[in-house]
Amino acid sequence: MNVIVVGGGAAGCIAAGAAARNGHTVTVIERNPRPARKVMITGKGRCNVTNNCTVDEFIASVPENGRFLYSALTAFTPQDMMALLEDAGIPLKTERGNRVFPVSDKAVDIVDGIVGYAKKGGARFIEGRVTALRIEDGAVVGVTLEDGRALDADAVVVATGGCSYPGTGSTGDGHTLAKQAGHTVIPPRPSLVALESPDAFCPDMQGLSLKNCGLTVRDNETNKIIYSDLGEMLFTHFGVSGPMVLSASAHMRQMAAGRYTLVIDWKPGLTPEQLDARILRDFAERSNMDIGNALGKLLPRLLIPTILRLAQINTAKKCNAITKEERLRLRDLIKAMPVRIDGFCPIAEAIVTAGGVSVKEINARTMESRLVSGLYFAGEVLDVDAYTGGFNLQIAFSTGYAAGNNLY
């Protein structure tokens, strides 16, 4: 069978390698001179390649259409992907949260591994951009390229990615192809993305990086906590970012200005009573000092003016003049400082795209279209996205393998 894979990223490479090993003639059409460019920038260049967990644990980390992935993940597990890479001579390590990285901490090793899997299986890569599917009598018969070339195919796997990081080639081409084939495309939106805030103190604290703080997200419409974690975050000129914030964004499925509030616990290791005792000690030791200068051992310097302003305490007020009510306001803000959220940063800056081709129109075992015979979809182009931790790349690998291994 003559197979065309549109897109040479994570899903495309695995689909191509699996298809070629099943005896098909496989051509990967990649619009960039080098394949898998997006994989190169994942994990800050280290590439969190998968998550070393069970299938059920994996699905629990997929907030949208997780059960759709059950067959694909069972047929090609995270452990199968790890074995594929290690068999290719790429040793791996498992870190906190079952996150898997190459021992080298170099994403290029993972890129070499998945591209090598495709090429060693027999797939060939050509540079080009597919602009249309060729469909006759309800079946795909090939593709048309931007330069006008028409290529024949018995099957086409669309693995173009979503809309995030368009510089890597993810510009929504797959959604256009899907619509052409009559598929429903859930409007793309950013996920695993920084958040914008209208609060003026965010740019005031631009560059403040927190290593060990608590973060919860409150849905103001339902008055429920939808996310809670300990870890790292960062204040920016537009709002907040950092690992915890990116993870939190994936839980904020109904984004609208004012819908969500972040609540920061600056001292998660202390109970409110312990924190109050600590503040009292600091005040006693610095009783004649301005409060603005007395909190340096307790809080980051960039935070102090902001938190005192929010607590309605004059920074020039002496510690021995602080009232109990002021002290308790300060304590409560340190334990629960609210940050209003206006929305996501642009989708081009997101790690992954939520939304995409409706999985109701896709065979969950084979990734074949239920509308057009011989047409398959894999990876981020589908309406499936997960939290941080290597899950999104594994979705690409498992759905790519399902497509490449079930061509007929």
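Quick note: structure is the one above.
Every value quoted in this text rests on a predicted model; they were computed, and no experiment measured them.

J.: Any chance you could break down the packing of helix α1 (residues 10–21) against helix α6 (residues 107–121) for me, citing the residues and the numbers?
T.: The contact between α1 and α6 brings their axes to 8 Å, and the two run at 25°. Viewed along their axes, α1 and α6 adopt a mutual orientation that is roughly parallel. In this structure, α1 crosses over α6, and the sense of that crossing is left-handed. Within the contact between the two elements, α1 uses Ala10, Cys13, Ile14, Ala16, Gly17, Ala18, Ala20 and Arg21 and α6 uses Ile114, Val115, Tyr117, Ala118, Lys120 and Gly121.

J.: Please give an account of the environment of leucine 375 that cites residues and values.
T.: Relative to the helices and strands, leucine 375 is located in strand β20 (residues 375–377). Here leucine 375 falls in the buried class, since its relative accessible area comes to 0%. Counting along the chain gives 235 residues from leucine 375 to valine 140, while the straight-line C-alpha distance between them is 6.1 Å.

J.: I'd like a rundown of the sheet that holds strand β8 (residues 139–145), residues and numbers included.
T.: Across the sheet, three strands lie side by side as β7-β8-β9; this open sheet has antiparallel pairing. A strand with exactly one partner marks an edge of an open sheet, and here the two such strands are β7 (130–136) and β9 (150–152). Averaged over all pairs of adjacent strands, the angle between their axes in this sheet comes to 30°, without regard to strand direction. Relative to β8, β7 runs antiparallel, the two sharing six bridges.

J.: Summarise the pattern of salt bridges; cite the residues concerned and give the values.
T.: Inspection of the entire model under this criterion finds 25 salt bridges. Here lysine 93 makes a salt bridge to glutamate 95, at a shortest N to O gap of 3.5 Å. When its relative accessible area of 25% is taken as the criterion, lysine 93 is described as partly exposed. For glutamate 95, a relative accessible area of 28% puts it in the partly exposed group. With its nearest N and O atoms 3.3 Å apart, the salt bridge here joins aspartate 282 to arginine 278. On the criterion of helical spacing, the pair formed by aspartate 282 and arginine 278 is a turn pair, its members being four residues apart in helix α10 (residues 272–285). With a relative accessible area of 5%, aspartate 282 lands in the buried category. When salt bridges with common partners are traced through the structure, they connect Arg31, Arg129, Glu146 and Asp173 into a single cluster.

Rules and cut-offs
Residues numbered from 1 in each chain as written. Predicted model: local features only at pLDDT ≥ 70, side-chain atom pairs only at ≥ 80, totals over all residues. Heavy atoms only, no water. Axes fitted to C-alpha atoms, helices over the stretch in contact; angles between N-to-C directions. Helix = DSSP H or I, 4+ residues; strand = E, 2+ residues; numbered from the N terminus. Parallel < 35°, antiparallel > 145°, perpendicular 65-115°, else oblique. Left-handed = near helix turned anticlockwise from the far one by under 90°. Contact = heavy atoms within 4.5 Å. Buried < 20%, exposed > 50% of the residue type's maximum accessible area, 1.4 Å probe, protein only. Pairing = 2+ DSSP bridges. Salt bridge = Lys/Arg side-chain N within 4 Å of Asp/Glu carboxyl O.

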